[in-house]
Amino acid sequence: MTTTSTAAAPTADWVDPAALMIDPYPTYRRLRDECPVAWVPALSRYLVTSFAGCRAIEEDQETFSAAVSGGGATMARALGAQPMLRKDDPEHAHERGAINPALRPKTLRERWAPVFERNARTHLEVLRERGPDDADLNRDYAAPVASQNLVDLLGLKGTHVEDMRRWSHAFIAGTGNLLDDPGIWRRCDAARDEVDALLGELLPHLREHPDGSITSALVHSGLPLAQVSANVKLTIAGGMNEPQHMVTNVVWALSRHPDQRELVLGDPTRWPAVFDEAVRWLSPIGMYPRETTRETVLRDVLLPTGAPVGVVVGAANRDTTVFEHAESFDITRPRRPHLGFGSGTHLCAGHWAARIAIGEIAVPLLYTELPSLRTDPRRSESWDGWVFRGLTALPVTWSG
Ligand code: HEM
């Protein structure tokens, strides 16, 4: 990449964080069309919204570092030490290499698929008991299934799904606590103490008895204790919300597209494509941060050294220069890589776990057991967030 000058970044002073929270897609569309690399004063960062721009960032981690200053400091504070997500290679690769073996598709299918299925079946009964007039797919199924899957993958035996959910939320809030809200730190510190106490008992046992869990893989990788512990907490923060949101996103999308729902119910081999298309169309992580290590030019726009950059994969995934009729949910579209799991060196470590646990097991099971499942228009649903976006309530109903 050269540093010969082109234009300074245009300023998108019309971007309104409140509007992003309600529905980010109109803002994404306008940014992509008018200024795909823009300075956004309301967010104090540059936003990159085109597919090509987001990919270019991930192809050059020497210029676009994951070790961002503000968010890096809060993440280290929240998790007790800096985890792999806020490091560049080769340091990052060392930690990432430690958890990869536990999350390979073969291992997941052989060892974890039966566990994922058991968890899904257990909570399907809870949903069924709630009944078609009262069931909330988020509360009764998506959240507890995602939480229990993570408890098992991490090998944190005996942890209650509600504790896992609370820790996950506390770590996410702490990681984003740039304004130093003391209440957020209190909840985050309490969660950290609880997880540290649990690991204090578990790690000596795992050293003697490896069990195939992510925590066991980290313990046996030779990483120092602080790094084992920070990466367990990173996985707690990153491994629950998005799978949870994908359960509800898929059901929401299929309920609005009855033709596509019929297609997949008639041909279950389409489930992986349904999941992938939903991650593209309703990306649960809308944006993640990077920081420039030097002055650089990105897609003809000059960025200074130390520029805070938002990689807006939620916008890039609807880039019409890459995806035909990109704004539509279409499970028959030609397969093409999207950026919903990130890309490059930090490509989501748990993407196979999510594809298998949610895309191949938890969602298909819902429709096998309750074939008429759909969102319930009699009760209201709610969405929240844009950096992390998902349904916080999704009433569902069924007949028979
Ligand atoms: C649909 C579900 C999921 C989505 C959409 C998702 C998305 C992402 C994205 C976009 C990143 C990159 C962030 C960045 O570069 O700053 C990431 C990283 C990561 N994810 Fe996921 N994730 C999902 C599920 C999971 C699960 C189930 C786990 C664990 C079991 C997990 C663990 C991680 C870890 C450890 C990283 C850091 C990887 C690294 O730094 O090399 N994720 N995820």
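Cut-offs and rules
Residues numbered from 1 in each chain as written. Predicted model: local features only at pLDDT ≥ 70, side-chain atom pairs only at ≥ 80, totals over all residues. Heavy atoms only, no water. Helix = DSSP H or I, 4+ residues; strand = E, 2+ residues; numbered from the N terminus. Rg over C-alpha atoms; globule rule 2.2 N^0.38 Å. Buried < 20%, exposed > 50% of the residue type's maximum accessible area, 1.4 Å probe, protein only. Contact = heavy atoms within 4.5 Å. Lys, Arg positive; Asp, Glu negative; His and termini not counted. Charge placed at Lys NZ, Arg CZ, Asp CG, Glu CD. Donors = N, O, S within 2.8 Å, 3.2 Å for Na, K, Ca; no water. Near = heavy atom within 4 Å. Polar contact = N/O pair within 3.5 Å; in protein donor to acceptor, adjacent residues only side chain to side chain. Nonpolar A, V, L, I, M, F, W, Y, C, P; charged D, E, K, R; others polar.

Lay out the overall build of the protein with the relevant residues and their values.
Of regular secondary structure, the protein possesses 16 helices and 12 strands. Here the C-alpha atoms of the protein give a radius of gyration of 21 Å, agreeing with the 21 Å that 2.2 N^0.38 yields for 400 residues. Its C-alpha atoms put the protein at 65 × 55 × 40 Å along the principal axes. Among the 400 residues that make up the protein, the fraction classed as buried is 56%. For the protein, long-range pairs separated by at least 24 residues make up 70% of all intrachain contacts whose partners lie at least 6 apart in sequence. Each charge class in the protein was averaged separately, 42 positive and 51 negative side chains, and the resulting centres sit 2 Å apart.

Describe the coordination of the iron atom of the ligand, naming the residues involved and giving the relevant values.
Here the protein supplies the iron atom of the ligand with just one donor, Cys 348 (SG), and that contact is 2.3 Å long. With respect to the secondary-structure elements, Cys 348 resides in the loop between helix H15 (313-316) and helix H16 (351-369).

Please give an account of unusual backbone geometry that cites residues and values.
Cis rather than trans, the peptide bond between Asp 89 and Pro 90 has omega equal to 5 degrees. Looking at the secondary structure, you find Pro 90 in the loop between helix H4 (69-79) and helix H5 (91-99). One non-glycine residue, His 325, lies in positive phi territory at about 30 degrees. Residue placement: His 325 occurs in the loop between H15 and H16.

Please give an account of the site of the ligand that cites residues and values.
Within the structure, the ligand sits among 25 residues, and His 92, Arg 96, Arg 290, His 346 and Cys 348 are positioned closest to it. Take His 92: an N or O atom from its side chain is 2.6 Å from an oxygen atom of the ligand. Arg 290 is positioned such that a nitrogen or oxygen atom in its side chain is 2.8 Å from an oxygen atom of the ligand. Those elements that provide at least two residues to the shell around the ligand are H5, helix H11 (225-238), helix H12 (241-256) and strand S5 (288-292). Taken together, the residues that form the shell around the ligand break down as 13 nonpolar, nine polar and three charged.

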